[in-house]
Amino acid sequence: MKIALVNGDGIGREVIPQAVRVLDHYAPDTEYFEVEIGYGKWEKCGIGCDDRDIESLREADSILFGAITTPPDPNYKSVMLKIRKELDLYANLRPVHGEGFNIMVVRENSEGLYSGIEEMGEERSTTLRVVTSKASERIARCACKILLKDFKNGTLTIGNKANVMKSDVLFRDTCIRVADEMGVPYRTAYIDALTFDAIHNPQKYDVIVTTNLFGDILSDALGHLVGGLGMLPSANIGEEHSVFEPVHGSAPDIAGKGIANPIAAIRSAGMLLEHNGIRCHDEIEDAIKNVISSGMRTPDLGGTADTISFCDALINKLE
Ligand code: ATP
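Residues numbered from 1 in each chain as written. Predicted model: local features only at pLDDT ≥ 70, side-chain atom pairs only at ≥ 80, totals over all residues. Heavy atoms only, no water.

1. Considering helix 7 (residues 191-200)
Side chains that are three or four residues apart share a direction in an α-helix, a result of its 3.6 residues per turn. Taken together, the buried positions of helix 7 are occupied by Ile 191, Leu 194, Thr 195, Asp 197 and Ala 198. Tucked inside the fold, the buried residues of helix 7 contact strand 8 (156-160), strand 9 (186-190), strand 10 (207-210) and helix 8 (212-222). (Buried < 20%, exposed > 50% of the residue type's maximum accessible area, 1.4 Å probe, protein only. Helix = DSSP H or I, 4+ residues; strand = E, 2+ residues; numbered from the N terminus. Contact = heavy atoms within 4.5 Å.)

Listed below in structure tokens is the structure:
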């Protein structure tokens, strides 16, 4: 397996090397190459990610990505958005599971309010929310496939705001059509009420499919159920490429202190391995549970452990 590593900035540099230890444990023959992308590169070259970087990323079977600090430049274009677009990573998968619940948020990753079609004005700024039947159908199929494969007797929830936005009428109705075609039971729910209910009754939900920004907010909010952002992994999947990254950002407030929670990055590495056909999910989850219940936790979970000691204990359990 050939893996591109993008440590990025801030705590990305601290958690990715720990996640690599887990990759090494399951796939010791993996070949790695680093791609320098992010704030550091922007400071040196005035650009966070150039075309050569994208070409390097294309060489990998999968990419493990840390986090990137947004440079203070009003014209700066998001590196992650560029990578998602260039590699056509249309599905963002964000699993959230804890005691008694297991939710997969499937977020459309290529359009919606992240279309990049916007205008900045003194008195009026606009961002165009684009929803196409093609992208909606593609993400609906992806969500239905995950439901059929991993959630026996599950229900697809279609998160939308079709009562207010015409673009979401198209999204909702396309998802309903695909679910009907694929024989998947579904319900529709308005995203605001859905977010509230999923936080209070997470056991009711299986796979939730929704548009780009709603999926981002929903999955961050669900992070509350499992101890915060340091716990949440994600995958960006396309037909040919895949990028795995913790949901959290570069956390400048704790960067350099060695106390970042590595679990989100480790779970992202687990998703990468599973995506490449290496079974490890249950073992990694058991090991995380064991280490946490032994009392070893990073400060965001109320403990005093540092990033490396937590990972030492985790690798110990895996071994
Ligand atoms: P960025 O600009 O890169 O998005 P941010 O600080 O705005 O950074 P996050 O990095 O997601 O956003 O951090 C939000 C909060 O969550 C911060 O207080 C941060 O310290 C905390 N946090 C995020 N990830 C972790 C982690 N892995 N371990 C501990 N705390 C974390």
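2. Things to note about the packing of helix 7 against helix 8
Axis angle and axis distance: for two packed helices, these are the angle between their axes and the distance between the axes, and together they describe the pair. At a minimum axis distance of 10 Å, the contact between helix 7 and helix 8 shows a crossing angle of 20°. Considered as vectors, helix 7 and helix 8 are oriented roughly parallel to each other. Note on packing geometry: the crossing formed by helix 7 with helix 8 is right-handed. Counting all contacts with helix 7, which are made through Ile 191, Thr 195, Ala 198 and Ile 199, the residues of helix 8 involved are Phe 214, Leu 218, Ala 221 and Leu 222. Taken together, the residues that form the contact of helix 7 with helix 8 break down as seven nonpolar, one polar and no charged. (Axes fitted to C-alpha atoms, helices over the stretch in contact; angles between N-to-C directions. Parallel < 35°, antiparallel > 145°, perpendicular 65-115°, else oblique. Left-handed = near helix turned anticlockwise from the far one by under 90°. Nonpolar A, V, L, I, M, F, W, Y, C, P; charged D, E, K, R; others polar.)

3. Brief notes about the sheet that holds strand 5 (residues 101-108)
By way of backbone hydrogen bonds, the strands of a sheet pair with one another, either parallel or antiparallel. Pairing within the open sheet is mixed, and its 10 strands lie in the order 2-1-3-12-11-4-5-10-8-9. Every interior strand has two partners, whereas the edge strands, strand 2 (31-34) and strand 9, have only one. Across this sheet, the average inter-strand angle for adjacent strands is 25°, counted without regard to direction. Across five bridges, the pairing between strand 1 (residues 2-8) and strand 3 (residues 62-67) is parallel. Looking at the pairing, Ala 4 lines up with Ile 63 of strand 3. Lying on the sheet, helix 8 is in contact with strand 4 (91-98), strand 5, strand 8 and strand 10; it crosses strand 5 at an angle near 155°. In the packing of helix 9 (residues 263-275) onto the sheet, contacts are made with strand 1, strand 3, strand 4, strand 11 (233-237) and strand 12 (242-246), and the angle to strand 12 comes to roughly 160°. (Pairing = 2+ DSSP bridges.)

4. What to know about the pairing of strand 11
Side-chain positions along a regular strand alternate between the two faces of the sheet. The element strand 11 is largely enclosed, with a buried count of five among its five residues. As paired elements, strand 11 and strand 12 share five bridges and run antiparallel to each other. Within strand 12, the residue paired with Ala 235 across the bridge is Phe 244. Linking strand 11 to strand 12, which pair antiparallel, is a turn of four residues.

5. Observations concerning the packing of helix 1 (residues 12-26) against helix 11 (residues 307-318)
Contact geometry for helix 1 and helix 11: axes closest at 10 Å, N-to-C directions at 10°. Accordingly, the angle class assigned to the pair helix 1 and helix 11 is roughly parallel. From helix 1, Glu 14, Val 15, Gln 18, Arg 21, Val 22, His 25 and Tyr 26 reach across to helix 11, where they touch Thr 307, Ile 308, Cys 311, Asp 312, Leu 314, Ile 315 and Leu 318. The residue inventory of the contact of helix 1 with helix 11, partitioned by class, reads eight nonpolar, three polar and three charged.

6. Comments concerning the domain arrangement of the protein
Taken domain by domain, the protein holds domain 1 (1-89 + 238-319) and domain 2 (90-231). Taking the mean C-alpha position of each, domain 1 and domain 2 sit 23 Å from one another. At the interface, 19 residues of domain 1 touch 17 residues of domain 2. When domain 1 packs against domain 2, the two sides together hide about 1500 Å² of surface, and 53% of this comes from carbon and sulfur. Counting the contacts that link domain 1 with domain 2 gives two salt bridges. The salt bridge involving Glu 99 is made with Lys 289; its shortest N-O contact spans 3.8 Å. Our enumeration of links across domain 1 and domain 2 arrives at six residue pairs in polar contact (both at pLDDT 80 or more). Of the residues contributing to the side of domain 1 that touches domain 2, the split by class is eight nonpolar, four polar and seven charged. (Domains from an automatic or database assignment. Buried area = accessible area lost by both parts, 1.4 Å probe. Salt bridge = Lys/Arg side-chain N within 4 Å of Asp/Glu carboxyl O. Polar contact = N/O pair within 3.5 Å; in protein donor to acceptor, adjacent residues only side chain to side chain.)

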